[in-house]
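Coordinate inspection notes
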Amino acid sequence: MNKAWWKEAVVYQVYPRSFMDSDGDGVGDIKGITSRLDYLRELGIDVIWLSPVYKSPNYDNGYDISDYQDIMDEFGTMADFDEMLAEAHARGIKVVMDLVVNHSSFQHKWFVESRKSKDNPYRDFYIWRDPKEDGSRPNNWGAWFGGPAWTLDEATGQYYLHLFTPQQPDLNWDNPKVRDAVFDMMNWWCEKGIDGFRMDVISLISKVPGLPDGEKAPGAVYGKHDPYTVHGPHVHEYIKEMNRKVLSKYDLLTVGETAGVTVEQAAKYANVDGSELGMVFQFEHVESERKFGKWTDEPETIGFVRENLSKWQYDLEGKAWNSLFLDNHDQPRAVSHFGNDSEEFREASAKMLATMLHMMKGTPYIYQGQELGMTNYPFTDVSEFRDIESINACREWVDTGRATYEAFWPCLVFKSRDNARTPMQWDDSENAGFTTGTPWINVNPNYKTVNAKAQMDDPNSVFSYYKKLLTLRKRYDVIVYGRYDLIMKEDPQVFAYTRTMDEKRLLCVCNYSDKQAAFELPAEFEGADCLITNLGRENVSGGMTLKPYECFVLYGYGKRYGNMEI
Ligand code: GLC
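Described in the following lines is the structure provided in the data block. (Residues numbered from 1 in each chain as written. Predicted model: local features only at pLDDT ≥ 70, side-chain atom pairs only at ≥ 80, totals over all residues. Heavy atoms only, no water.)

Observations concerning the overall build of the chain
Within the chain, the regular secondary structure consists of 18 helices and 20 strands. A globule of 566 residues ought to have a C-alpha radius of gyration of about 24 Å, and the chain, at 24 Å, matches this closely. Projected onto its principal axes, the C-alpha positions of the chain cover 75 × 50 × 50 Å. The proportion of buried residues among the 566 residues of the chain is 63%. Restricting to contacts in the chain with at least 6 residues of sequence separation, those with at least 24 account for 71%. Of the roughly 21300 Å² of accessible surface on the chain, 48% is carried by carbon and sulfur atoms. (Helix = DSSP H or I, 4+ residues; strand = E, 2+ residues; numbered from the N terminus. Rg over C-alpha atoms; globule rule 2.2 N^0.38 Å. Buried < 20%, exposed > 50% of the residue type's maximum accessible area, 1.4 Å probe, protein only. Contact = heavy atoms within 4.5 Å. Areas by Shrake-Rupley, 256 points an atom, 1.4 Å probe, with all protein chains shown as cover.)

Written as structure tokens, this is what we have:
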């Protein structure tokens, strides 16, 4: 088994716009992050994944970059960044940058040049096509956040491709000059001392030549582009080249956001031979398609979560490394999406979910506020949304008649990316201590009770529980490297699994339900140490009745369990 620092690390995702505002303009910034590094050290995380801080006109909150080597005005300056990096490193915290290179902003100088004329040296940096004979778009693809994937540029009479918004033109990775420009930029950041990259939609960078029309789902306006854009013909070749020219020269954490990834593909992207990336994000457990595409208003069920997470645990064993996450800036809040955010069960289920995830094999990712059990926001009106995807969604589903407003609205409220983007809840002062100004997006009204200040000194808080989980990962290497095995595969309430490494064994038991559940301790774990439990259980033996959302983890060594030194 190959050991690596990033396999032993816990990553914390910072969404800078919503983390901490230092200057009262209502928008989080880099100095704000620096001011909260001690909080992160206290939590015990090892790495920050920083969502984009680069220069950007913010059509997609920084995922549309107009200068890869400069900082967004609202977030501060490069000097602020350098200070933050040094201060993070001084606390033993590494910093991983978001790398958004499937597309740039339409304001990037490459695109500004590219659209000037057909023979501009940068023309081929992007994907331009002539209209069809009748003047219509080159193909029927729809864009990810609604509308067509092509926009006509009047000046030169050609369309350019954008898999996301029209302000995010796709870069042409088939052009070696594009690849070199991206690799130079990446080397520049590595020389600065950053510790890795999270690669935005990296599975999309190679498109199938000819860009054929996509199939249309019943009632859909546009064709699906995924079969021609996801894991395209040269994607592995380009990532291998990136590895040779950049990644292999440094000791980095690399994680690819790989929409639509299968186990087979993941094993290529994150092959243990190290020729591409360290790990990938897969989305099978967060993207159930039950109502209107990704839009639904039902929390995920134990069966769905267990089946998907276990599949990735088993199938990547020995082939590639897993990343473990339940939420991020594109997902609803974990406790609302997977657990139960009622007053009665919020804390218990947040701790249970954390246990379920952090005891698995892979590198865990905590999304800001998850460690407090922050919840979805009670949206009541479209005007409260800031996210382009959420704003466009009604148009895509309701205006086209594929869903009624009544049926769609609760789904939008439940799955909107803005649930994750409400400000971090630091304390119970105005605006949750996030800003002294007017926040760019509403603060969740539950900040009076759900906030960091209240939780840091409370040994029973969700925050303190996370701290303990993180300490356990440092102390017990079976949690990092042990083999995963599911037990009670079909149980309707209990999600339980073991981890095994040589003589060391771990048992993780989670009641993934709001009812009591029966659990019989496997005899081999009688007398094992209880490492952590969320509801104060004292007796772990024989037949037990688990409380709703109760969980615990047992550790044993060899054949003699109990208080063994390790
Ligand atoms: C990724 C990002 C998301 C962004 C999209 C386009 O999925 O996580 O926030 O909107 O790519 O860059």
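Some words on the nonpolar core
Within the largest apolar cluster, 146 residues are counted, with the highest numbers of intra-cluster contacts made by F81, M186, F197 and F495. For this core, the leading source of residues is helix α6 (residues 176-192), giving eight residues. Apart from the residues within four sequence positions on either side, F81 is in contact with I30, L50, V53, I71, M97, W189, K192 and I194. If you look at the next biggest cluster of nonpolar residues, it comprises 15 residues, including F292, W397, F408 and C411. (Core = buried A, V, L, I, M, F, W, Y, C linked by side-chain atoms within 4.5 Å.)

Observations concerning the site of the ligand
Close to the ligand lie 14 residues; D60, D200, E257, H329 and D330 are nearest. The contact in question runs from an oxygen atom of the ligand to an N or O atom on the side chain of R198, over 3.0 Å. One of the side-chain N or O atoms of R417 is found 3.0 Å from an oxygen atom in the ligand. In isolation the ligand has 310 Å² of accessible area, and contact with the protein removes 96% of it. Residue classes in the shell around the ligand are distributed as four nonpolar, three polar and seven charged. (Near = heavy atom within 4 Å. Polar contact = N/O pair within 3.5 Å; in protein donor to acceptor, adjacent residues only side chain to side chain. Nonpolar A, V, L, I, M, F, W, Y, C, P; charged D, E, K, R; others polar.)

Side note on the packing of helix α4 (residues 78-90) against α6
At a minimum axis separation of 11 Å, α4 and α6 run at an interaxial angle of 55°. Judged on the interaxial angle alone, α6 and α4 are oblique. Along the contact surface, α4 presents M78, F81, D82 and L85, while α6 presents W188, W189 and K192. Across the contact of α4 with α6, the residue classes break down as five nonpolar, no polar and two charged. (Axes fitted to C-alpha atoms, helices over the stretch in contact; angles between N-to-C directions. Parallel < 35°, antiparallel > 145°, perpendicular 65-115°, else oblique.)

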